[in-house]
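# Coordinate analysis (summary)
So you can see what is in the structure, the chains are spelled out below.
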Amino acid sequence: MSLLSERVLNMSTSATLAMAAKARELKAEGKDIIGLSLGEPDFNTPDFIREAAKQAIDDNYNSYTPVDGYVELKEAIITKFKRDNHLNYTLPQIVASTGAKQSLSNIAAVILNKGDEVILPCPYWVSYSDIVKLNEGVPVEVTTSIENDFKLTPEQLEAAITPKTKMIWYSSPCNPSGSVYSKSELRALADVLQNYPNIIVVSDEIYEHINFVGGHASMAQFEDMYDRTVTVNGVSKAFAMTGWRIGYIGAPAEIARACNKMQGQITSGANCIAQRAVITALNASPSRVQFMIDEFKVRRELILELLSHIEGFKTNVPEGAFYVFPDVSYYFGKTIQGVTINNATELSLFLLEYANVATVTGEAFGNPNCIRISYAASQEQIIEAIRRIKEALT
């Protein structure tokens, strides 16, 4: 009999974190590894946010926080939703958590019963499937195509719905594909859902501001979807605050209360200093971090140009986030430098060993034909990394 629970034994290890850990091990051995695996901006947290954290320390913020967040933080979240997304939430509808990942875990824990199905358009963020499984739900993966920019169509959504469907989860801008759903595309999906009023939508908008096409759209902006949509967001990406660990939701009050209850038994409230800093971040104009988005766009153009010169890499143009998600199935079955590559995982490991570049297999995101490459790295690193990849595969 195993000492450990079936729950943890059946759980996958996060592929992005595993690859990052492997890259760190190789670096420690003296290898010159370029890491393009983690979804982490390479910028420092802006000074005006850091100063707010320092002030919070000086003001002696050191006590337990309310489970769902300081009132001032929740008010800042409400202001942000109204200003940026035209969504009107009230204090009882907001819950701040230790990162958007905890927000998602809370949602699954309070809504799913054993056997409930959750539709996941593929590719999806690496943790969605395991969060659903951990809460005894059933992930229903719906394959999208690179030709359609990896977006779920209304026809695919309709075909995936069964009497057991409880939720649909998606991210826009999408991690890993960078796809951005337009308002009209979301409306078309919402029209399908009008026939299934009990299905809850979870809209992960953590990359909202890293958007190269403008006009970010939220499912909850539609009056007929507002009461059945949970909007998930946070500060890790646009504000370069990955380690500060603050995420939040705007949700129907019943769901928010349940998440508050669940979180109260798991972690209680999020870090007090981080919350005070996030109040300042969210109350500021998004224009204060525009310099990062502008640089990501330059890097996107750079990496797409470089990848276009590698035989067998099929790419589309990501509209947001900071990833490219090329189809690399051209290489499956081929032998390169004595190594036969059968799938995206083996190609990703090949690139780590022979090019000293860390990427992530698309299998972890529900798409076995692709790899994810992050361009949250300097232009110099991107140029050198793609040069190495091209050389290794030639």
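All of the points below concern the structure found in this document. (Residues numbered from 1 in each chain as written. Predicted model: local features only at pLDDT ≥ 70, side-chain atom pairs only at ≥ 80, totals over all residues. Heavy atoms only, no water.)

For the rest of this paragraph, the subject is the overall build of the protein. For the protein, the helix and strand inventory stands at 13 helices and 14 strands. The globule rule puts the C-alpha radius of gyration for 394 residues at 21 Å, and the 21 Å found for the protein is close to it. Dimensions along the principal axes, computed over C-alpha positions, put the protein at roughly 60 × 55 × 55 Å. Burial statistics for the protein: of 394 residues in total, 56% are counted as buried. In the protein, the share of contacts with a sequence separation of at least 24, taken over all contacts with a separation of at least 6, comes to 75%. Accessible surface, the protein as shown: approximately 16,900 Å² in total, 50% of it carbon and sulfur. (Helix = DSSP H or I, 4+ residues; strand = E, 2+ residues; numbered from the N terminus. Rg over C-alpha atoms; globule rule 2.2 N^0.38 Å. Buried < 20%, exposed > 50% of the residue type's maximum accessible area, 1.4 Å probe, protein only. Contact = heavy atoms within 4.5 Å. Areas by Shrake-Rupley, 256 points an atom, 1.4 Å probe, with all protein chains shown as cover.)

This part takes up the pairing of strand 4 (residues 138-143). In terms of strand pairing, strand 3 (residues 117-122) meets strand 4 through six bridges, oriented parallel. Opposite isoleucine 119, over in strand 4, you have valine 140 as the bridge partner. Once you follow strand 3 into helix 6 (residues 128-134) and on to strand 4, the crossover reads as right-handed. (Pairing = 2+ DSSP bridges. Right-handed = clockwise from strand over helix to strand, strands pointing away.)

Attention now moves to the packing of helix 3 (residues 47-58) against helix 10 (residues 272-283). The N-to-C vectors of helix 3 and helix 10 enclose an angle of 140 degrees; their axes lie 8 Å apart at closest approach. In this view, helix 3 runs oblique relative to helix 10, as classed from their interaxial angle. Helix 3 and helix 10 meet at a crossing whose hand is right-handed. Within the contact between the two elements, helix 3 uses Phe48, Ile49, Ala52, Ala53, Ala56 and Ile57 and helix 10 uses Ile273, Arg276, Ala277, Thr280 and Ala281. Classifying every residue of the contact of helix 3 with helix 10 gives nine nonpolar, one polar and one charged. (Axes fitted to C-alpha atoms, helices over the stretch in contact; angles between N-to-C directions. Parallel < 35°, antiparallel > 145°, perpendicular 65-115°, else oblique. Left-handed = near helix turned anticlockwise from the far one by under 90°. Nonpolar A, V, L, I, M, F, W, Y, C, P; charged D, E, K, R; others polar.)

Packing of helix 4 (residues 71-85) against helix 10 leaves a shortest axis separation of 9 Å and a crossing angle of 25 degrees. In terms of orientation, helix 4 and helix 10 fall into the roughly parallel class. In the packing of helix 4 onto helix 10, the handedness of the crossing is left-handed. Taking contact as the criterion, the partners of Glu72, Leu73, Ala76, Ile77, Thr79, Lys80 and Arg83 in helix 4 are, on helix 10, Gln275, Arg276, Val278, Ile279, Leu282 and Asn283. Broken down by class, the residue content of the contact of helix 4 with helix 10 amounts to six nonpolar, three polar and four charged.

Another aspect to go through is the sheet that holds strand 2 (residues 94-97). With mixed pairing, seven strands are arranged side by side in an open sheet as 2-8-7-6-5-3-4. The open sheet has two edge strands, strand 2 and strand 4, and neither has a second partner. Taken over all neighbouring pairs, the strand axes of this sheet differ in orientation by 20 degrees on average, direction set aside. Note that strand 7 (residues 229-234) and strand 8 (residues 247-250) share four bridges and pair antiparallel. Bridging from a neighbouring strand, glycine 234 pairs with glycine 247 of strand 8.

This brings us to helix 11 (residues 290-307). For helix 11, with 18 residues, the first-to-last C-alpha span of 26 Å sits near the 26 Å given by 1.5 Å per residue. Among all positions of helix 11, only Met292, Ile293, Phe296, Arg299, Arg300, Leu302, Ile303, Leu304 and Leu307 are buried. Close packing links the buried residues of helix 11 with strand 9 (323-324), strand 14 (371-374) and helix 13 (379-393). (Expected span 1.5 Å × (residues − 1).)

When you tally the buried positions in strand 3, you get six out of six residues, the bulk of the element. Here strand 3 runs beside strand 5 (residues 165-171); their pairing, made up of three bridges, is parallel. Looking at strand 5, one finds that isoleucine 119 is bridged to isoleucine 168.

Moving on, we come to the packing of aromatic side chains. Here the structure, examined in full by the defined rule, presents 18 aromatic pairs. Ring geometry for phenylalanine 322 against tyrosine 323: centres 5.0 Å apart, planes inclined by 55 degrees, an arrangement best described as tilted. Both residues of the pair, phenylalanine 322 and tyrosine 323, count as buried. Geometrically, the ring pair formed by tyrosine 330 and tyrosine 331 is edge-to-face, given 5.0 Å between the ring centres and 85 degrees between the ring planes. Note on tyrosine 331: relative accessible area 4%, which makes it buried. Put simply, the rings of Phe43, Tyr207, Phe291, Phe296, Phe322 and Tyr323 pair up and form one aromatic cluster. Over the face of the ring belonging to phenylalanine 48 we find arginine 288, whose NZ or CZ atom lies 3.8 Å from the ring centre. The residue whose ring lies beneath lysine 334 is tyrosine 330, and the NZ or CZ to ring-centre distance is 4.1 Å. (Phe/Tyr/Trp six-rings, centres within 6.5 Å; stacked < 30°, edge-to-face > 60°. Lys NZ or Arg CZ within 6 Å of the ring centre and 35° of its normal.)

Take the pattern of salt bridges next. Applying the stated criterion across every chain yields a total of 20 salt bridges. Between glutamate 185 and lysine 151 there is a salt bridge whose closest N-O contact spans 3.0 Å. Here the residue glutamate 185 occupies a position in helix 8 (residues 183-193), and lysine 151 occupies one in the loop between strand 4 and helix 7 (154-160), the gap between them amounting to 34 residues. When its relative accessible area of 30% is taken as the criterion, glutamate 185 is described as partly exposed. Here lysine 151 falls in the buried class, since its relative accessible area comes to 8%. A salt bridge links arginine 187 to aspartate 191, with the shortest nitrogen-to-oxygen separation between them at 2.9 Å. Here aspartate 191 and arginine 187 lie together in helix 8, a separation of four residues that amounts to about one turn. Assessed through its relative accessible area of 41%, aspartate 191 is described here as partly exposed. Among the ionic contacts, a cluster of salt bridges with common partners joins Asp32, Glu384, Arg387, Arg388 and Glu391. (Salt bridge = Lys/Arg side-chain N within 4 Å of Asp/Glu carboxyl O.)

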